[in-house]
Each structure stands twice: as structure tokens, then as C-alpha cells.
Amino acid sequence: NDSVYFRPALIHGGGKAILDLNRLGNEVAAINSSSARVALLYSQPSLIWQDGYGQAVKSLYTALDLSGQKVRFVSERQLTEGRVSKIPFIILPRATHISDGAFAALQKYQSLGGKIILAGDECAAFDEYHQARKLPDDFDKLPKITLGDDRAVAKQIRPMLASPFVKMTTLSAVASNDPAW
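The rules behind these values
Residues numbered from 1 in each chain as written. Predicted model: local features only at pLDDT ≥ 70, side-chain atom pairs only at ≥ 80, totals over all residues. Heavy atoms only, no water. Salt bridge = Lys/Arg side-chain N within 4 Å of Asp/Glu carboxyl O. Buried < 20%, exposed > 50% of the residue type's maximum accessible area, 1.4 Å probe, protein only. Helix = DSSP H or I, 4+ residues; strand = E, 2+ residues; numbered from the N terminus. Patch = residues over 30% accessible without salt bridge, like charges linked within 9 Å, V, L, I, M, F, W, Y side chains within 5 Å. Areas by Shrake-Rupley, 256 points an atom, 1.4 Å probe, with all protein chains shown as cover. Core = buried A, V, L, I, M, F, W, Y, C linked by side-chain atoms within 4.5 Å. Contact = heavy atoms within 4.5 Å. Axes fitted to C-alpha atoms, helices over the stretch in contact; angles between N-to-C directions. Parallel < 35°, antiparallel > 145°, perpendicular 65-115°, else oblique. Left-handed = near helix turned anticlockwise from the far one by under 90°. Nonpolar A, V, L, I, M, F, W, Y, C, P; charged D, E, K, R; others polar.

**Q** I'd love a proper account of the pattern of salt bridges, names of residues and values included.
**A** Using the criterion set out here, one finds 4 salt bridges in the structure. Arg 83 serves as the salt-bridge partner of Glu 81, at 2.8 Å between the closest nitrogen and oxygen. Taking the relative accessible area as the measure of exposure, Glu 81 reaches 47% and is therefore partly exposed. Put simply, Lys 144 and Asp 121 hold a salt bridge, and the shortest N to O gap is 3.1 Å. Of this pair, Lys 144 sits in strand β5 (residues 144-145) while Asp 121 sits in the loop between β4 (115-119) and β5, and the two are 23 residues apart along the sequence. Of the residues examined, Lys 144 reaches a relative accessible area of 43% and is grouped as partly exposed.

Next comes the structure, spelled out in C-alpha cells:
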């Protein structure tokens, strides 16, 4: 039978998890209600124009999550509406195509102290209609991640995020003390 109720080990494991959640309820609630300190830019034009955009998002999300970071997504609309002021870092995951309004909002975000990290090549190089954009001179000086293996991405991103704004947590495997993966 396929029912969980006929598998004693699953019932025992579920019950144990519920008891742990009851015991650690305040801590779990604190984790759940904490705000993300890192955001990935969700760019619909990049999703359409850039083949590697989806893989870059997945890779960065995995690297951040397994580095102990709560991650959220910020859309171009949220950027243009100014709803990102409390996020210290925004990462452009191979977001090659960004609308002019969202790019202007990114520049404003940066001028107000927000940090931008580029991941991959040609970030923000085009508008949503695939027209080349003249990037400001300081755009080349932004921190940049070379995309590839998720673990290599995590290794690059951890020191970039270490700041007074983001508390870095080391998640490690008990047996080997290697970073958790």
C-alpha cells in the first residue's frame, strides 16, 4: 500500500519532526520571518533573450542557499517602483537584457548605498528590445562572479557578501567539516 500511514518509520520520523518544531518553534519562526539580505534580479527580457539566464539563476540560488543566505527575487517592476531599499545586495544573474527603467532604478539603488554584483558576461548590456546599452564607466568596477560549477560560484560569492549588512553562516557537514552541499 502507498499510504504513509502504513509505514511505521515515516510516522515515527514525522512525529519526531513535529516534536522538534514544537520545541524549536521560536527559532523556526525567527528564521522564517527574517528578511532576505540578498536578492536575485528576475528579468523577463533576459529570460527571453539569454539562453543561460535560467541556469545562472539556479546556480546562484543554490550557492546562496547553501551558504546560509535567505534569498529573494526582485523583479524589474519592483526595482522601478523603488521597493528594494532594504536589500543590501542585488545580484544580476547573467541578466543581459534589462529595461531602461529598471537599469535607471539599479543606478539609483547603487547611489543610495546598495551593492550590485554581476554574475556572468554582458550584464545589463542590452535593453529589453536587444538594443545595445552604453554602460557607465564605473559599471566595469562592480564585483563579478564567473559562472560555472555551483560550488565554485559559492566560493566566489561568500567573500563578496561578507559585510556588516550580511551575516555569513558556515553550514558544514558534521563528519567531514566540509561546506554543506
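**Q** Tell me about a nonpolar patch on the surface, and please be specific about residues and values.
**A** A surface patch of nonpolar side chains, about 600 Å² in accessible area, is lined by Tyr 42, Leu 47, Ile 48, Trp 49, Tyr 61 and Phe 73. Looking at the nonpolar patch, the element that brings in the most residues is helix α3 (residues 44-49), giving 3 residues. Within the fold, Ile 48 resides in helix α3. In this structure Ile 48 comes out as exposed when scored by relative accessible area, which is 62%.

**Q** Any details on the nonpolar core? Residues and values, ideally.
**A** Formed by 39 residues in total, the largest nonpolar core has its most connected members in Leu 79, Ile 90, Ile 91, Leu 92 and Ile 98. Contributing elements (two or more residues each) for this core: β1 (38-42), α4 (53-65), β2 (71-75), β3 (89-93), α6 (100-111), β4 and α7 (150-161). The residues touching Leu 92, leaving out its near neighbours within four places in the chain, are Leu 41, Ile 98, Leu 106, Ile 116, Ile 117, Leu 118, Ala 119, Cys 123, Ala 124 and Phe 139.

**Q** Explain the packing of α4 against α7 to me, and be specific about the residues and the numbers.
**A** It is at 8 Å that the axes of α4 and α7 come closest, and there the two elements cross at 60 degrees. It follows that α4 is oblique to α7 by the angle criterion. Between α4 and α7 lies a crossing whose hand is right-handed. Contact residues: Lys 58, Ser 59, Leu 60, Thr 62, Ala 63 and Leu 64 in α4; Asp 150, Val 153, Ala 154, Ile 157 and Leu 161 in α7. Taken together, the residues that form the contact of α4 with α7 break down as 7 nonpolar, 2 polar and 2 charged.

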